[in-house]
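# Working through the structure, step by step
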Amino acid sequence: MSAETLLQLIARHISSVREGADAVVVHYAWRRAGGDDASFASGIGELHGSQCLEIISDSQSYLRLTGLGYEQLPPAANDEDDAADEESPRRPARLSPVQMEALVIDIFQLAARAGDTGLTATALAAIWKIECQRAADLRGVLDSMLSNRSLRVERGQRTVFFRN
């Protein structure tokens, strides 16, 4: 996979123009599309080196496209293509509660490999959407994992979940 593909994934997962895209969400999408950790790091380095990308680090990392990065994006698809995509979304089978919990654990393991210890509620929701799962199911599995103490939550400016 290429830096151009990575650029498109970043653009697709932007949570806000000011913050950019959550690096964990983009990394998850990259791996879901068949990319590996080394090529992800290489692509980020290439985009950053060519001044198409800024890396914003605070309590979590964000990838923000620069003006040059936006210029490198391919033209937007036409409205007919967008309508066709919306009419035929992927509909995987609904997961069992055990499978949903396993998916949440997998998501946290990926984040841990990237150096993140916690995940924001926004990042979890974005990854859940990548998996084409229902938002209500995420809420249920998080509640269950909080009840059995396999997760803990810290609320502040952002809601952040941590594995116990």
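Above this text you will find the structure in question.
## Here's the deal with the sheet that holds strand β4 (residues 61-65)
- With antiparallel pairing, the 4 strands of this open sheet are ordered in space as β1-β2-β4-β3. The sheet is open, and its two edges are formed by β1 (14-16) and β3 (53-57), each paired on a single side. If you compare each strand with its neighbour and ignore which way they point, the axes differ by 40° on average.
- Summarising the sheet, β3 and β4 pair through 5 bridges and their orientation is antiparallel. Looking at β4, one finds that Glu 54 is bridged to Arg 64.
- Packing of helix α1 (residues 3-12) onto the sheet brings it into contact with β1, β2 (20-22), β3 and β4, and relative to β4 it is tilted by some 105°.

## Observations regarding the sheet that holds strand β5 (residues 118-120)
- Taken together, the 3 strands give an open sheet; going across it, the order is β5-β7-β6, and neighbouring strands pair in antiparallel fashion. Looking at which strands have only one partner, the edges of the open sheet turn out to be β5 and β6 (151-155). Taken over all neighbouring pairs, the strand axes of this sheet differ in orientation by 30° on average, direction set aside.
- Where β6 lies against strand β7 (residues 159-163), 5 bridges are found, and the strand directions are antiparallel. Paired with Val 153 across the two strands is Phe 161, which belongs to β7.
- In the packing of helix α8 (residues 135-147) onto the sheet, the strands contacted are β6 and β7, and the crossing angle to β6 comes to about 105°.

## Comments concerning the pattern of salt bridges
- All chains considered together, the criterion is met by 8 salt bridges.
- Between Glu 131 and Arg 32 there is a salt bridge, with its nearest N and O atoms 2.7 Å apart. Highlighted residues: Glu 131 in the loop between α7 (121-130) and α8 and Arg 32 in helix α2 (residues 23-32), separated in sequence by 99 residues.
- When its relative accessible area of 39% is taken as the criterion, Arg 32 is described as partly exposed.

## Some words on the packing of α7 against α8
- Taken N-terminus to C-terminus, the directions of α7 and α8 make an angle of 130°; their axes are 10 Å apart at the nearest point. Compared by their axis directions, α7 and α8 come out oblique. For the pair α7 and α8, the sense of crossing is right-handed. Mapping the contact onto sequence places Leu 124, Ala 125 and Trp 128 in α7 and Ala 135, Asp 137, Leu 138, Val 141 and Leu 142 in α8.

Calculation notes
As a convention, each chain's residues are numbered from 1 in the sequence order in which they are written. Thresholds applied to this predicted model are a pLDDT of at least 70 for local features of residues and 80 or more for the giving and counting of side-chain atom pairs; totals over whole chains, interfaces and linings are not thresholded and use all residues. Calculation of side-chain values draws on the structure's entire complement of heavy atoms; hydrogens and water are dropped beforehand. Two strands are said to pair when DSSP picks up at least two bridges between them. Helix and strand definitions here come from DSSP, where helices need a minimum of 4 consecutive H or I residues and strands a minimum of 2 consecutive E residues; each element is numbered from the N-terminal end. Throughout, an axis means a line fitted to C-alpha atoms (over the contacting stretch in the case of helices), and angles, computed between N-to-C directions, take values from 0 to 180 degrees. Pairs of residues are marked as contacts when any of their non-hydrogen atoms sit within 4.5 Å. The term salt bridge refers to a side-chain nitrogen of Lys or Arg lying within 4 Å of a carboxyl oxygen of Asp or Glu. For every residue, the accessible area obtained with a 1.4 Å probe (protein chains only) is divided by the maximum for its type, and the residue is called buried under 20%, exposed over 50%, and partly exposed between those limits. An angle below 35 degrees is read as roughly parallel, one above 145 as roughly antiparallel, one from 65 to 115 as roughly perpendicular, and any other as oblique. With the far helix as reference, a near helix turned anticlockwise by less than a right angle produces a left-handed crossing, and one turned clockwise produces a right-handed crossing.

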